Amino acid sequence: MAGSTIQRSMLSLLLLLQVMLFISGNGVNCLKERDVLLLPESQIRKPTYTPRCSSQRSRTEKGATILEMRHHDSSFRITTSWHDKVEMLLSSDESRVKSFQSQRKKAVSSRTEQISDSELPLSSGIKLQTLNFVVTIDLGGQNMTVIVDTGSDLTWVQCQPCRYCYSQQNPLFSPSLSPTFHSILCNSSTCASLQFATGNLGVCGIDEPNCNYIVNYGDGSYTHGELGLEQLKLGDTAIEGFIFGCGQRNQGLFGGVSGLMGLGRSQLSVVSQTLANFGGVFSYCLPSEEENLPGSLILGTDLSQYKNSTPISYTRIVSNPQMPTFYLLNFTGASVGGVPLQAPGFANGVTLIDSGTVITRLIPSVYKALKNEFLKQFTGYPSAPSFSILDTCFNLSGYREVEIPNLKLHFEGGVQVKIDVSGMFYFVKRDVSQVCLALASLSSEDDIGIIGNYQQKNLRVVYNSKDSELGFAEEKCHYL
C-alpha cells in the first residue's frame, strides 16, 4: 500500500515536470522577463513649458567636461497640435532613415564602378519640435544651443548676416562680435576635407576666396554658409581654431536651436578636432522625457564621472568603407521576455547606432520575429490603429499600469543591452488610447538597421573612437 502511494506520488511529480517543460518550450508567458510601465494620467505632459536651453549647465571635474543634455522639447514651446507634431517628427525621422539607406547604396554602387575630460548637460528637444537632444556650447563667447548628432560631422550654427534662416530662440552667432573668428580659404586642405565629411565639395565665394559649405539632410533640411575658425569652449575646456560652419542659408526641422554638433568620425567632427583634449572618447546618457530630467554628455576618458548601475560592456565598432564616418556595430540577436528570436537577418547584422534617428529600424525578418513574439506575450489588451511608421498599437486608456516583456539587443562579444521600459512604447495620444510599440521595419533585407535614440534612454553609451569600441551600461540619466 505504501509502495503504491509512493509510486503515485512519483508519477504525479513526473507529470508536473513534463507540464512545466511543455510550458517552457511552447512560449507560455507566465515566467517571462517583464517590466512594469506606469500609465498615470500625466504620462504625456501637457505643453506648459518654461524655456531652459539658454541656461543649460556645464562643469569640469577631474578634467572631464560634463554638459547638461536635454530633450529638444525641454527648452521651447510647441506651436502645433500634439498629433500634428508627432506625425511631422516621425515623417522627418523616416526621411532621415531613407537618406542613410540611399547614401549606403550609392557608396556600394560607386565602389563597384595630454588628455582631459568634459561633461555637458544633455536635454531632450521635443519643445524645439524635434525628438533629438540638445546641449549648450560657448562659441566665440556666445552661447549656442545645438542638436547632438552622431550621424553628422560638421558642427554649424546660424550666423549673421543671415540671408535665409529659420526662427531660433537665442540670438544668431555674430562673427563681428568675436575677435577670435577667422574665415577659411577655399584653396585650403580644410576646405577640401568637406567632401569626405559632408558629401559635398567646398566652393569659393562669389566675391571673396572664402570656403563655402553645403550640407543637405535626408528630411530636406539644409545649411549653406561659410567655413570658419573659432574658439569653442566646452565646460572649462577651450579649443582654439575649431572648424565650424557659419550658416547663412538654413531651413528645415531644426526647431528653435542654434545649429548642430557633429560627433561623427571624420576629421571635421568634434571628436576628431578635440582628440588632444579628450582622447577620442565621449559618452552620453539620454534622459526619459516622462521624468523631465536632464541627462549628460561627457567628453573624455574619466569613467569615474559615470553613474552607471551595471558594468560597461564593450562591443567592436565595425569599419565599413561604404559608411566610414558612421558608428556601426554587429547586431547578432535579440530576445523578448527572455525568449531568443530566430531570424535570417541576424546572419548579416551590421547596424548603425545614431543619436539623431528617433525610432529604431530593424530589417524585415528581424522585426517580424520581434513583433510576433511581443504580441504572443503582451496579450489581452485592446488594439488601436497603426500610426505613421508604427504598426503595432494598443488602447491602454483603461489601465494604470501594464507589464511589458523586456527587450534585449545582442551585439558582438556577448554584449546584451536591455532597453529601458520608457523606450518600449511611443505615446501617440495623450490619453494613452493609442500607444504603439516604438520600433519599425525597414523595407528590405538589404537595408542597414539603425538603433535610434528612443531605445537608448537611461543607458550610458560610451564611444571610444581611439580603440574602435562602443560600450553600454544601464544608468538612470540625470545631470548632477
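Residues numbered from 1 in each chain as written. Predicted model: local features only at pLDDT ≥ 70, side-chain atom pairs only at ≥ 80, totals over all residues. Heavy atoms only, no water.

### What to know about the overall build of the protein
Phase 1 of the analysis: Scanning the protein from N- to C-terminus turns up seven helices and 31 strands.
Phase 2 of the analysis: Buried positions account for 56% of the 480 residues belonging to the protein.
Phase 3 of the analysis: Just so you have it, the protein exposes about 20,000 Å², and 53% of that area is on carbon and sulfur atoms. (Helix = DSSP H or I, 4+ residues; strand = E, 2+ residues; numbered from the N terminus. Buried < 20%, exposed > 50% of the residue type's maximum accessible area, 1.4 Å probe, protein only. Areas by Shrake-Rupley, 256 points an atom, 1.4 Å probe, with all protein chains shown as cover.)

### A closer look at the state of the cysteines
By definition, a disulfide is the covalent link that joins the sulfur atoms of two cysteine residues.
Phase 1 of the analysis: Under the definition given, this model contains six disulfides.
Phase 2 of the analysis: Sulfur-sulfur distance for the disulfide between Cys393 and Cys436 comes to 2.0 Å. Handedness of the Cys393-Cys436 disulfide follows from its S-S torsion of about 100°: it is right-handed. One end of the pair, Cys393, is in strand S22 (residues 393-394); the other, Cys436, is in strand S27 (residues 435-437), and 43 residues separate them in sequence.
Phase 3 of the analysis: Cysteine pairing for the protein, with bonded cysteines counted in sequence order: 1-8, 2-3, 4-6, 5-7, 9-12, 10-11. (Disulfide = S-S within 2.5 Å.)

### Overview of the nonpolar core
Phase 1 of the analysis: By size, the foremost hydrophobic cluster in this structure holds 84 residues, and its most contacted members are Val135, Ile137, Leu234, Met261, Leu297 and Phe425.
Phase 2 of the analysis: Setting aside residues no more than four positions away along its own chain, Phe425 makes contact with Leu37, Phe374, Phe378, Phe394, Leu396, Ile404, Val435, Cys436, Leu437, Ala438 and Tyr454. (Core = buried A, V, L, I, M, F, W, Y, C linked by side-chain atoms within 4.5 Å. Contact = heavy atoms within 4.5 Å.)

### Quick look at the sheet that holds strand S21 (residues 383-384)
Sheets are built from strands paired through backbone hydrogen bonds, the pairs being either parallel or antiparallel.
Phase 1 of the analysis: What the four strands build is an open sheet, ordered S21-S22-S27-S26; its pairing is antiparallel. In this open sheet, the two strands that pair with only one neighbour each are S21 and strand S26 (425-427).
Phase 2 of the analysis: Summarising the sheet, S26 and S27 pair through three bridges and their orientation is antiparallel. Looking across to S27, one finds that Phe425 is bridged to Leu437. (Pairing = 2+ DSSP bridges.)

### Quick word on unusual backbone geometry
Comment: phi is negative for the bulk of residues other than glycine, and the bulk of peptide bonds are trans.
Phase 1 of the analysis: Residue Gln160 is joined to Pro161 through a cis peptide bond whose omega torsion reads -5°.
Phase 2 of the analysis: For Pro161, the location among the structural elements is in the loop between strand S7 (156-158) and strand S8 (182-183).
Phase 3 of the analysis: One non-glycine residue, Ser388, lies in the positive phi region at around 55°.
Phase 4 of the analysis: Positionally, Ser388 belongs in the loop between S21 and S22.

### Some thoughts on helix H7 (residues 364-377)
In an α-helix, one full turn covers 3.6 residues, which means residues spaced three or four apart are oriented alike.
Phase 1 of the analysis: For H7, spanning 14 residues, the distance from its first C-alpha to its last is 20 Å, which sits close to the expected 20 Å at 1.5 Å a residue.
Phase 2 of the analysis: Along H7, the residues that are buried comprise Ser365, Val366, Tyr367, Ala369, Leu370, Glu373, Phe374 and Gln377. (Expected span 1.5 Å × (residues − 1).)

### Quick word on the pattern of salt bridges
Phase 1 of the analysis: Under the defined criterion, the tally for this structure stands at seven salt bridges.
Phase 2 of the analysis: Between Lys418 and Asp35 there is a salt bridge, and its shortest N-O distance comes to 2.8 Å.
Phase 3 of the analysis: The class of Asp35 is buried, set by a relative accessible area of 19%.
Phase 4 of the analysis: Ionic pairing is found between Lys376 and Glu373, a salt bridge with its closest N-O pair at 3.6 Å. (Salt bridge = Lys/Arg side-chain N within 4 Å of Asp/Glu carboxyl O.)

### Some remarks on the packing of aromatic side chains
Phase 1 of the analysis: Tallied over the full model, the rule gives 21 aromatic pairs.
Phase 2 of the analysis: Residues Phe173 and Phe181 carry aromatic rings whose centres are separated by 6.4 Å and whose planes lie at 55° to one another, so their mutual orientation is tilted. Here Phe173 and Phe181 have matching classes, each one buried.
Phase 3 of the analysis: Each ring, one from Tyr327 and one from Tyr463, has its centre 4.7 Å from the other, and the planes form 75°; the classification is edge-to-face. Of this pair, Tyr327 sits in the loop between strand S16 (313-316) and strand S17 (328-336) while Tyr463 sits in strand S30 (residues 459-464), and the two are 136 residues apart along the sequence. An identical accessibility class is assigned to Tyr327 and Tyr463; each is buried.
Phase 4 of the analysis: An aromatic cluster is present here, built from Phe374, Phe378, Tyr381, Phe394, Tyr399 and Phe425 joined pairwise through their rings. (Phe/Tyr/Trp six-rings, centres within 6.5 Å; stacked < 30°, edge-to-face > 60°.)

### Digging into the environment of Leu341
Phase 1 of the analysis: Locating Leu341 in the fold gives a position in the loop between strand S18 (339-340) and strand S19 (350-353).
Phase 2 of the analysis: If we ignore the near neighbours within four places in the chain, the residues touching Leu341 are Ala334, Ser335, Val336, Phe346, Ala369, Leu370 and Glu373.

### Points about the environment of Asn464
Phase 1 of the analysis: Looking at where Asn464 falls in the secondary structure, it is placed in strand S30.
Phase 2 of the analysis: Excluding residues within four positions of it along the chain, Asn464 makes contact with Gly280, Val281, Ile317 and Glu469.
Phase 3 of the analysis: One polar contact links the side chain of Asn464 to the main-chain amide nitrogen of Lys466, over a distance of 3.2 Å.
Phase 4 of the analysis: Looking at Asn464, its side chain comes within polar contact range of the main-chain nitrogen of Asp467, at 2.9 Å. (Polar contact = N/O pair within 3.5 Å; in protein donor to acceptor, adjacent residues only side chain to side chain.)

### Description of the side chain of Thr392
Phase 1 of the analysis: Positionally, Thr392 belongs in the loop between S21 and S22.
Phase 2 of the analysis: Here Tyr367 takes part through its side chain, which lies 3.4 Å from a polar atom of the side chain of Thr392.
Phase 3 of the analysis: A polar atom in the side chain of Thr392 sits 2.9 Å from the side chain of Asp391.
Phase 4 of the analysis: With sequence-adjacent residues up to four places away left out, Thr392 is seen in contact with Tyr367, Lys371, Leu375, Val435, Cys436 and Leu437.

### Points about the pairing of strand S5 (residues 133-139)
Every regular strand shows the same layout, with side chains that alternate between the two sheet faces.
Phase 1 of the analysis: Counting buried positions over the seven residues of S5 gives six, a clear majority of the element.
Phase 2 of the analysis: As paired strands, strand S3 (residues 64-71) and S5 are joined by two bridges and run antiparallel to one another. What sits directly across from Arg70, in S5, is Val134.
Phase 3 of the analysis: The loop that links S5 with its antiparallel partner strand S6 (residues 142-149) comprises two residues; one of these, Gly140, has a positive phi angle of about 60°.
Phase 4 of the analysis: Sheet analysis places S5 next to strand S11 (residues 222-234), joined by two bridges and oriented antiparallel. Looking at the pairing, Leu139 lines up with Leu232 of S11.

### With respect to the environment of Thr60
Phase 1 of the analysis: Its place among the elements puts Thr60 in strand S2 (residues 58-61).
Phase 2 of the analysis: In contact with Thr60, other than residues within four places in its own chain, are Thr65, Asp117, Gly235, Asp236 and Thr237.
Phase 3 of the analysis: A polar side-chain atom of Thr60 sits 3.0 Å from the main-chain amide nitrogen of Asp236.

### Quick notes on the confidence of the model for the protein
Phase 1 of the analysis: Summarising the model, the protein shows a mean pLDDT of 84, and 80% of its residues fall at 70 or more.
Phase 2 of the analysis: Below a pLDDT of 50 lies the segment residues 42-54, which in the model reaches 38 contacts outside its immediate sequence neighbourhood of four places, other chains included.
Phase 3 of the analysis: Considering only residues more than four positions removed or in separate chains, one finds that residues 74-78, a stretch of pLDDT under 50, has 27 contacts. (pLDDT = per-residue confidence, 0-100.)

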